[in-house]
Amino acid sequence: MVVSSLKLHDLIEEIRKAKTQAQEREVIQKECAHIRATFRDGDPLQRHHQLVKLLYVHMLGYPAHFGQMECLKLIASPRFTDKRVGYLGAMLLLDERHDAHLLITNSIKNDLSQGVPPVQGLALCTLSTMGSAEMCRDLATEVEKLLLQPGPYVRKKAILTAVHMIRKVPELSDIFLPPCAKLLQEHHHGILLGTIMLIMELCERSPAALRHFRKGCAFPQVVPQLVQILRTLVTTGYSTEHSISGVSDPFLQVQILRLLRILGRNHEESSEIMNDLLAQVATNTDTSRNAGNAVLFETVLTIMDIRSAAGLRVLAVNILGRFLLNSDKNIRYVALTSLLRLVQCDHSAVQRHRSTVVECLQETDASLSRRALELSLALVNSANVRAMMQELQTFLESCPPDLRTDCASGILLAAERFAPTKRWHIDTILHVLTTAGTHVRDDAVANLIQLIGGAQELHAYSVRRLYRALTEDISQQPLVQVAVWCIGEYGDLLLGDSCEETEPLQVEEEEVLALLEKVLQSHMSLPATCGYALTALMKLSTRLQGDTNRIRQVVSIYGSCLDVELQQRAVEYNALFQKYDHLRAAILEKMPLVEQGGPQVDGEATESKEAAQISEATAPGPTEPQASKLLDLLDLLDGTSEYAQQPPSLSPSLESGLVHLVDIPSATPSSAPIPNLKVFEREGVQLNLSFIRPPGTPALLLITVTTTNSSGGDVTHFICQAAVPKSFQLQLLAPSGDTVPARGGLPITQLFRILNPNKAPLRLKLRLTYKHFGQSVQEIFEVNNLPVETWQ
């Protein structure tokens, strides 16, 4: 018994009645079998009805590929009802991955030339949806003819199809340049909106098109024409049906502002024409509705992106400041994000809204408080560091746990950069360690120890502050480590009365030792903390006047500790007590002052560090993943490069000379100091090269590449690759890391070894890849201005 095929309405009803997925599949399989049978019968009157049902099945996620050829048949049909379903099926079932899509090119071409607007509209919609690059090249002239048709229905669809074609094939931009100026004279909303999108696409895809519209090659000139259209929209409006909440056609205004931003970027003449209009839009737009705020925000972005007047830029920042007071969280978030981008280029204008930004720290929304934190840290400078640090420390005490790490790290970096005095700097770090010690960066302990060690006049003050903090809380491990280290180094100052800057503190030797034993026995103490405490006890054995038997007993206990590191320390310290007691005082002397290392450290320390890196046995080249990424560097220097994949094969005499570089006397200087060279700077990321030519091996050049970051966002996944001509030999040693923290954090350093036996002029090509502000960045550039001293 043959069951008749269901109609579309009945099919939808049957599918909705299915109570299980199996029942639904059964209904669809039966109907698909009927659809296939109908397609095989070739009934032209039933074909479009069956294809409609198949498209519904496709929308439910079931396979419908067997209907592709039926779409082609319906498109070729002279009936409009067939064409409508056929084009819809082509848009849903065909794409560039199927060769069948090329078969409809002739049908689309015929329909575009028919002159029937509904059919032309169907063909244009299909072409703009799934047109491949080949189809766009074949049909570009047909679409260009339709751009100047009298009917707006076809023209606006042709404009949107042209936008798709430019995206697919940018070289077609020359075809669509001439009609743009005439299309801008239209008053139809859809045509104007589409034309502006077309010009934006042309400018972004083709530098020649951008120059065309900037220089006024089109008649009339585009920028004055856009300014006039926007001025009319602001004052009178084109049509009331496109007004939203009292704002005249906000969608068109936003698109015009975006196009003006593209045309005015880095172009003085175009920016001058826009200045008055942007001021008018910024002052006359109603901000009580969301549509007005959208227009105002685009105006601010345009002002900041073009070469606008200084007063106009201040007005834009003030608008963002008003956005911060808006009750809508989305608007406040947009304002904070925009101000964070502007703070690098116009710091003083953003500073005026500092109090409002600080208030946003108390937002309950996590994304708002995070943005406010980032902006607050970016606003810190030497003039407001005390006030801003007080606000940020208050926020640190109550901020959510997921923000505590960022807040603590930001405070430490800002304090390191703008600290007015060393004592203030120490107090700030101690407050952070006390409040959020477990959330600070890994280098916080070392930095504070270095800071305290370099402030000799504050040793007594620091050890007393840390001792008091340690007696109150031993759960914050970074704080405990710093406190224990200071007690070990300056414990004698803790017992005296040499500090008048703190409250009177009476401490006995037994109390100090008991506190260190408490740290050692605490279950919260990490193995590293116990190591600090054990060393502190040993140092106190030479600084305290009492009997050292108690210290000996504690140290001997840890000689059988399960932790290998602690056990080794305890055994060695026991040996000091038993066999080398006469050397104990000399070995456990106070540590000398440590100089703060900057981004570029020159002189004897740098030379010895680099020599030690070079003398490491068979230093390997980059790992396999890095080597695979370097394969495309072969052509960086016109096919004559030597990429740094394998270590250079040095001669035995030269290699032995390198091994003994560590023995070079520090009094033997290089022939002349080679000046450093800045080779790259973008959005606060800077790359500097420093050079050393070891006296014993004049053919060798050591280049230290130092990457610093003064922006407000961390630089992550940083990779520096290099290529040199084939007459050179290049080896890249491993970098110190792949992350450069924001606002002057610890830089990345990497050593290049270049062997130049012929003393030829050096050319260097670098490729940098990294992520910054969430965006991937890749820069390839050649350094051909290296100092003459690097190769002569």
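Residues numbered from 1 in each chain as written. Predicted model: local features only at pLDDT ≥ 70, side-chain atom pairs only at ≥ 80, totals over all residues. Heavy atoms only, no water.

## Details of the overall build of the chain
Check the secondary structure of the chain and you find 36 helices and nine strands. Of all 792 residues assigned to the chain, the portion counted as buried reaches 50%. Residue pairs at least 24 apart in sequence account for 68% of intrachain contacts in the chain once pairs closer than 6 positions are excluded. Per element, the accessible surface of the chain, about 38000 Å² overall, is 52% carbon and sulfur. (Helix = DSSP H or I, 4+ residues; strand = E, 2+ residues; numbered from the N terminus. Buried < 20%, exposed > 50% of the residue type's maximum accessible area, 1.4 Å probe, protein only. Contact = heavy atoms within 4.5 Å. Areas by Shrake-Rupley, 256 points an atom, 1.4 Å probe, with all protein chains shown as cover.)

## Observations regarding the environment of glutamate 416
Here glutamate 416 lies in helix α24 (residues 401-418). Here glutamate 416 falls in the partly exposed class, since its relative accessible area comes to 41%. A sequence separation of 31 residues divides glutamate 416 from asparagine 447, and the C-alpha atoms of the two residues are 9.1 Å apart.

## Overview of the packing of aromatic side chains
The final tally for this structure, using the stated rule, is four aromatic pairs. Plain terms: the ring middles of tryptophan 485 and tyrosine 490 are 5.9 Å apart, the flat faces sit at 85° to each other, and that makes the pair edge-to-face. Exposure class is identical for tryptophan 485 and tyrosine 490. Each is buried. Taking the ring centre of phenylalanine 66 as reference, the NZ or CZ of arginine 36 above it sits at 4.1 Å. Above the ring of tyrosine 461, the side-chain terminus of arginine 423 is found at 4.2 Å from the ring centroid. (Phe/Tyr/Trp six-rings, centres within 6.5 Å; stacked < 30°, edge-to-face > 60°. Lys NZ or Arg CZ within 6 Å of the ring centre and 35° of its normal.)

## A closer look at the nonpolar core
With 180 residues, the main nonpolar core has Phe213 and Leu263 as its most contacted residues. By residue number, the principal contributor to this core is helix α28 (residues 477-495), which donates 10 residues. Counting 34 residues, the second largest nonpolar core, distinct from the first, contains Ile674, Val705, Cys720 and Ala722. (Core = buried A, V, L, I, M, F, W, Y, C linked by side-chain atoms within 4.5 Å.)

## Some thoughts on the pattern of salt bridges
Enumeration according to the criterion identifies 31 salt bridges in this entry. Ionic pairing is found between arginine 543 and glutamate 489, a salt bridge with its closest N-O pair at 3.9 Å. Remark: glutamate 489 occurs in helix α28 and arginine 543 occurs in helix α30 (residues 527-543); sequence separation between them is 54 residues. With relative accessibility at 9%, the residue arginine 543 sits in the buried group. Looking at glutamate 489, the relative accessible area reads 0%, which means it is buried. (Salt bridge = Lys/Arg side-chain N within 4 Å of Asp/Glu carboxyl O.)

## Re the environment of glycine 437
By the element assignment, glycine 437 lies in the loop between α25 (422-436) and α26 (444-454). When the C-alpha positions of glycine 437 and glutamine 476 are compared, they lie 5.0 Å apart, and in sequence the two are 39 residues distant. Apart from residues no more than four positions distant in its own chain, glycine 437 is found in contact with Val432, Gln476 and Pro478.

## A few points about the sheet that holds strand β7 (residues 748-755)
Within the open sheet, the five strands sit side by side as β2-β3-β4-β7-β6. Their pairing is antiparallel. Each edge of the open sheet is held by one strand with a lone partner, namely β2 (677-682) and β6 (729-732). Strand-to-strand twist of the sheet, defined as the mean angle between neighbouring strand axes without regard to direction, takes the value 20°. Pairing between strand β3 (residues 685-692) and strand β4 (residues 700-709): eight bridges, direction antiparallel. In the sheet register, phenylalanine 691 faces β4, and the bridge partner there is isoleucine 703. (Pairing = 2+ DSSP bridges. Axes fitted to C-alpha atoms, helices over the stretch in contact; angles between N-to-C directions.)

## Focus: the environment of serine 556
Along the chain, the position of serine 556 falls in helix α31 (residues 549-557). Serine 556 gets classed as partly exposed once you look at its relative accessible area, which sits at 38%. Along the primary structure serine 556 and valine 571 are separated by 15 residues, whereas in three dimensions their C-alpha atoms are 7.4 Å apart. A polar atom in the side chain of serine 556 sits 2.7 Å from the backbone oxygen of glutamine 553. (Polar contact = N/O pair within 3.5 Å; in protein donor to acceptor, adjacent residues only side chain to side chain.)

## Section: the packing of helix α23 (residues 385-398) against α24
At their nearest, the axes of α23 and α24 sit 10 Å apart, and the two run at 160° to each other. Judged by the angle between their axes, α23 and α24 are roughly antiparallel. The hand of the α23/α24 crossing is left-handed. Contact residues: Val385, Met389, Leu392, Gln393, Phe395, Leu396, Glu397 and Ser398 in α23; Leu403, Arg404, Cys407, Ala408, Ile411, Ala414 and Phe418 in α24. Classifying every residue of the contact of α23 with α24 gives 11 nonpolar, two polar and two charged. (Parallel < 35°, antiparallel > 145°, perpendicular 65-115°, else oblique. Left-handed = near helix turned anticlockwise from the far one by under 90°. Nonpolar A, V, L, I, M, F, W, Y, C, P; charged D, E, K, R; others polar.)

## Looking at empty space enclosed by the protein
Considering all chains together, one arrives at one cavity of 30 Å³ or more under this definition. Approximately 40 Å³ is the volume found for the largest cavity. Forming the boundary of the largest cavity are Arg693, Pro698, Ala699, Leu700, Leu701, Asn756, Lys759, Thr790 and Trp791. Class assignment for the residues of the lining of the largest cavity results in five nonpolar, two polar and two charged. (1 Å grid on protein atoms, 1.4 Å probe; cavity = no way out; pocket = protein on both sides within 12 Å on 5 of 7 lines; lining within 4 Å. Points joined across faces, edges and corners; volume = space filled by probe spheres on them.)

## Comments concerning α25
In this model α25 runs 21 Å from its N-terminal to its C-terminal C-alpha over 15 residues, within 8% of the 21 Å that 1.5 Å per residue would give. Taken together, the buried positions of α25 are Trp424, His425, Ile426, Thr428, Ile429, Leu430, Val432, Leu433 and Ala436. The inward-facing, buried residues of α25 contact α23, α24, α26, α27 (459-472) and α28. (Expected span 1.5 Å × (residues − 1).)

## Quick look at helix α3 (residues 44-59)
If you check α3, its first and last C-alpha atoms are 24 Å apart, about what 16 residues at 1.5 Å a residue would give, namely 22 Å. Three or more residues of α3 are buried, namely Arg47, His48, Gln50, Leu51, Lys53, Leu54, Leu55, Tyr56 and Val57. Against α1 (8-17), α2 (21-41), α4 (68-76) and α5 (80-93) lie the buried residues of α3. Positive backbone phi, at 100°, marks glycine 61, one or two positions downstream of α3.

## A word on the confidence of the model for the chain
Parts of the model with low pLDDT should not have their predicted coordinates read in detail. With 87% of its residues at a pLDDT of at least 70, the chain reaches an overall mean of 83. In the model, residues 597-670 has pLDDT below 50 throughout and makes 115 contacts with residues more than four positions away in sequence or in other chains. (pLDDT = per-residue confidence, 0-100.)

## Brief notes about the pairing of β7
Judged by how many residues are buried, β7 sits mostly within the fold: seven of eight residues are covered. Here eight bridges tie β4 to β7, and the two strands are oriented antiparallel to one another. Within β7, the residue paired with leucine 700 across the bridge is leucine 755. The sheet contact formed by β6 and β7 spans four bridges and is antiparallel. If you follow glutamine 731 over to β7, its bridge partner there is arginine 753.

## Side note on the packing of α4 against α5
The interhelical angle for the contact between α4 and α5, taken along N-to-C directions, is 145°, at an axis separation of 7 Å. The element α4 and its partner α5 pack so that their crossing is left-handed. In this structure, α4 uses Gln68, Cys71, Leu74 and Ile75 to contact α5, whose residues at the interface are Asp82, Lys83, Val85, Gly86, Tyr87, Gly89, Ala90 and Leu93. Residue composition of the contact of α4 with α5, grouped by class: seven nonpolar, three polar and two charged.

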